[in-house]
Amino acid sequence: AGQAAYKLVRGARTSANSVTVWVSATTNTLLKVKVEMPTSGTEVTFSEWDSVTPFTAPPASQVITI
């Protein structure tokens, strides 16, 4: 996304499963993780770190114990 990053690859993309990790070169934070499994055609990418919308717990009157 236009920023300097280190790309670390484990495994061979053509014959075996591989994991690729991108880390910011300036902040040393994780940017993206990509898991590839060529034998099954599966690819999973995690790239939207810290983008979960915050939420608040319900009030005690709405909580039940099971």
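Right, let's walk through the structure included here. (Residues numbered from 1 in each chain as written. Predicted model: local features only at pLDDT ≥ 70, side-chain atom pairs only at ≥ 80, totals over all residues. Heavy atoms only, no water.)

**Topic: unusual backbone geometry**
To be explicit about the condition: Strands here mean DSSP runs of E at least two residues long; helices mean DSSP runs of H or I at least four residues long; both are numbered from the N terminus.
Phi is positive for Asn28, close to 55°, though the residue is something other than glycine. Tracing the backbone through its elements, the reader meets Asn28 in the loop between strand S2 (18-24) and strand S3 (30-37).

**What to know about the environment of Trp49**
As a reminder of what qualifies: Relative accessibility under 20% of the residue-type maximum defines a buried residue, over 50% an exposed one, and the middle range a partly exposed one, all with a 1.4 Å probe and only protein chains included.
Among the secondary structure elements, Trp49 is positioned in the segment after strand S4 (42-46). Judged by relative accessible area, Trp49 falls into the partly exposed class, the value being 39%. Note: C-alpha distance between Trp49 and Leu30 (19 residues apart in sequence) is 7.9 Å.

**Things to note about the sheet that holds S2**
What holds strands together in a sheet is hydrogen bonding between their backbones, with the strands either parallel or antiparallel. To keep it simple, the criterion reads: Strands qualify as paired when DSSP identifies two bridges or more between them. Only the contacting stretch of a helix is used when fitting its axis, a line to C-alpha atoms as for every element, and angles between N-to-C directions run 0 to 180 degrees.
A sheet is described by the order of its strands in space; here four strands give the open sequence S1-S2-S3-S4, paired in antiparallel fashion. The sheet terminates laterally at strand S1 (5-10) and S4, the two strands that pair on one side only. On average, each strand axis in the sheet is inclined to that of its neighbour by 10°, with strand direction left out of account. Looking at chain direction, S3 and S4 are connected through five bridges and run antiparallel. Pairing of Val33 across the sheet is with Phe46, part of S4.

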